Amino acid sequence: MKPTDTNNPDYFHKVVDCQWACPAHTDVPLYIRMIAQGRFGDAYIENRKSNVFPGILGRVCDRPCEPACRRGRVEDRPVAICRLKRVAADHRDDISDRLPKATASNGKKVALIGAGCASLTVANDLAPLGYEITIFEALKTTGGLMRTNIPQFRLPPKVLDEEIGYILDIGVDLKLNHPIDSMKELLDQGYDAVFVGTGAPRGKNLDIPGRYDSENIHIGIDWLESVAFDHIEKIGKRVLIIGVGNTAMDCCRTSMRIGAEDVKVMARKPREFFKASAWELEDAEEEHVEILVNHSPKNFVIEDGKLVGMTFEIMEYKIDDGGRIDRGTVVGEEVIPCDDVILAIGQDNAFPWIERDIGIEFNDWECPIVSEETMMCSRDGVFFGGDAAFGPKNIIWAVAHGHEAAISIHRYIQGNSLTDRLPRGVNLSSQKMGVHEWSFSNDFDPTGRRLMPHVDLKERFKKLDIEVELGFTAEQVTQEVERCLNCDIQTVFTEKLCIECDACIDICPVNCLTITHNGDEADLRTRLSAPAENLEQALYVSGDLPQTSRVMVKDEDLCVHCSLCAERCPTGAWDMQKSIVLIPQVADEVADDKAQTSAA
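Definitions and limits used
- Residues numbered from 1 in each chain as written.
- Predicted model: local features only at pLDDT ≥ 70, side-chain atom pairs only at ≥ 80, totals over all residues.
- Heavy atoms only, no water.
- Pairing = 2+ DSSP bridges.
- Helix = DSSP H or I, 4+ residues; strand = E, 2+ residues; numbered from the N terminus.
- Axes fitted to C-alpha atoms, helices over the stretch in contact; angles between N-to-C directions.
- Phe/Tyr/Trp six-rings, centres within 6.5 Å; stacked < 30°, edge-to-face > 60°.
- Buried < 20%, exposed > 50% of the residue type's maximum accessible area, 1.4 Å probe, protein only.
- Domains from an automatic or database assignment.
- Contact = heavy atoms within 4.5 Å.
- Buried area = accessible area lost by both parts, 1.4 Å probe.
- Salt bridge = Lys/Arg side-chain N within 4 Å of Asp/Glu carboxyl O.
- Nonpolar A, V, L, I, M, F, W, Y, C, P; charged D, E, K, R; others polar.

Engineer: Give a detailed account of the sheet that holds strand 22 (residues 551–555), specifying residues and quantitative values.
Structural biologist: A sheet is described by the order of its strands in space; here three strands give the open sequence 20-22-21, paired in antiparallel fashion. A strand with exactly one partner marks an edge of an open sheet, and here the two such strands are strand 20 (513–516) and strand 21 (539–541). The sheet shows a mean angle of 20° between the axes of neighbouring strands, taken without regard to direction.

Engineer: Any chance you could break down unusual backbone geometry for me, citing the residues and the numbers?
Structural biologist: Of note, the phi angle at aspartate 230 is positive, near 65°, even though the residue is not glycine. With respect to the helices, strands and loops of the structure, aspartate 230 is situated in the loop between helix 12 (220–228) and strand 7 (238–242). Of note in this structure, asparagine 486 is not a glycine but carries a positive phi near 55°.

Engineer: Describe the packing of aromatic side chains, naming the residues involved and giving the relevant values.
Structural biologist: Counted under the stated rule, the structure contains seven aromatic pairs. Centroid distance phenylalanine 351 to phenylalanine 384: 5.9 Å. Interplanar angle 85°. Geometry classified as edge-to-face. You can see phenylalanine 351 sitting in the loop between strand 14 (347–348) and strand 15 (382–384) and its partner phenylalanine 384 sitting in strand 15, a full 33 residues away along the chain. For the pair phenylalanine 351 and phenylalanine 384, a shared accessibility class is recorded, and that class is buried.

Engineer: Explain the domain arrangement of the chain residue by residue, including any values.
Structural biologist: The domain boundaries assigned to the chain delineate domain 1 (99–201 + 349–413) and domain 2 (203–347). When each unit is reduced to the centre of its C-alpha atoms, the spacing between domain 1 and domain 2 is 32 Å. Counting residues at the interface gives 15 residues for domain 1 and 13 residues for domain 2. Together domain 1 and domain 2 conceal approximately 1200 Å² of surface at their shared face, both sides included; 53% is due to carbon and sulfur atoms. For the pair domain 1 and domain 2, the number of links is two salt bridges. Between arginine 154 and aspartate 250 there is a salt bridge, with its nearest N and O atoms 2.8 Å apart. Across the side of domain 1 that touches domain 2, the residue classes break down as eight nonpolar, four polar and three charged.

Engineer: Any details on the sheet that holds strand 3 (residues 173–175)? Residues and values, ideally.
Structural biologist: The five strands are arranged 3-2-1-4-15 in an open sheet whose pairing can be described as parallel. Looking at strand neighbours, the two that pair on one side only are strand 3 and strand 15, the edges of this open sheet. Within this sheet the neighbouring strands show an average axis-to-axis angle of 20°, counted without direction. Two strands pair when backbone bridges link them, and strand 1 (residues 109–113) and strand 4 (residues 193–196) are joined in this way by four bridges, in the parallel orientation. Of the residues in strand 4, the one forming a bridge with leucine 112 is phenylalanine 195. In the packing of helix 8 (residues 117–126) onto the sheet, the strands contacted are strand 1, strand 2 (132–136) and strand 4, and the crossing angle to strand 1 comes to about 160°.

Engineer: Break down the environment of leucine 418 for me, with residues and values.
Structural biologist: In this fold, leucine 418 is placed in the loop between helix 16 (395–413) and strand 16 (425–430). Sequence separation between leucine 418 and glycine 381 is 37 residues, and the spatial gap between their C-alpha atoms is 11 Å. Every residue in contact with leucine 418, bar those within four places of it in the chain, is listed here: Thr374, Met376, Phe383, Ser408, Arg411 and Tyr412.

In structure tokens:
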């Protein structure tokens, strides 16, 4: 194998698995160390650089970082990354003087359609640079699906208002109760660019017999919006939720708070194929929601014009060795009584207000064709992001889209290539403070994951807006932060200093180091101190060592960043260095433009 190119930022980025998994690439280990040091304000600002909504996402993020967490390779449970984000938000000091500020107008105007997470991220990035931002929102308030589809017992309105307010205070012109009925008319108003962040606002229907014979059959996202705006305040005693995604979990738990006593979630497939996050399922079941698997809806049962139940086909599936499931076989039938049914089987985009003759191309599913690199559609100057661009995902993906769209909008308005963007970069800095001292806590802590304290079951159903998760106190979080393995503190090796004494190999507690003759990757993986079986994780391979021309090989999959190799090495061939992967945002593009202008 060729020596590993550690100058490539993607190498160290992939070693920090949590940051790599986060669509916005938040530097997770760095903000966790700040929390460990009691620097809650600093941790909040570090979060906000990339994810914009630390308090919101600390409560409702889908947590793609946690399944990737390297702690999960040491024990069953990852670090509580998401809830630590909330700790930074809950315990921060006054950070108002560190937030983006308005600046003089540069004369360029950008229209944002929808006041949800994607549009707000674009506003957050462009407004401080002098762009005149106007947000058009159809509803009477901001937040989009964050407000209308996430119940208040998970995300309090005051948290939404505060973090959205930070963005609006930069000088954004917000027009509420202002739906856009015609893209053509908006484009004729002279904006230099338009961004569409309207989400996926249409819930999928279930067109089976009996669907239109009762008013007690609801579309999930519409029903949640009606609850959020107090248009619906009660529901029947027996409720069936069709679907098993995160929206279904919000529907079933909301039902329990407005009058339901018997709530069942009906899933067509086995549990391992559910779309809902594991913690969402756990929270629902804690509240005595019953989840029934292998039930496929057949028809609604209507008697004398009243919904009284649903008929389900009982399914049996075969799952192959690759984990793929077949279409299933019907093995029975069951009628389950109910008073109301909520359909939560997915969401679709809806663009009836975009004319089809203005140069915006749509695919066979009536979704705009959008570049994943630039976020621009087929019409120059029109950009999409969040669910509006590629269908339903989650808030953190929408934030990532917003950052990318902001870069593209700036480059488009300035007349520059949208694809010629600043590259990623990486900085490394040694963390050595003494012979055996580092600037971070490198002891392995065997403590298990701390459970989030919840409001008592008897109390949480009294009002719809009682937040169930209480959050960690500063004292409770002290052990959880120590569970982080500091994966951003890299073991950096200098082969010319190595004397091949094997001291690092002898002391490594996880057998991730090997000195051996080079070979191709498949061969090398079988000749290490411990077989490198995770093919998705790269091997580190050094250049030829000076004594024997062998190479130092490190299995990044096993390393727990304990620093023992660097402490034991007699020549300093190993060092612990913090890697900062630089993910350019639009402010960096502007700074680069100014630097080039000054140089010219």
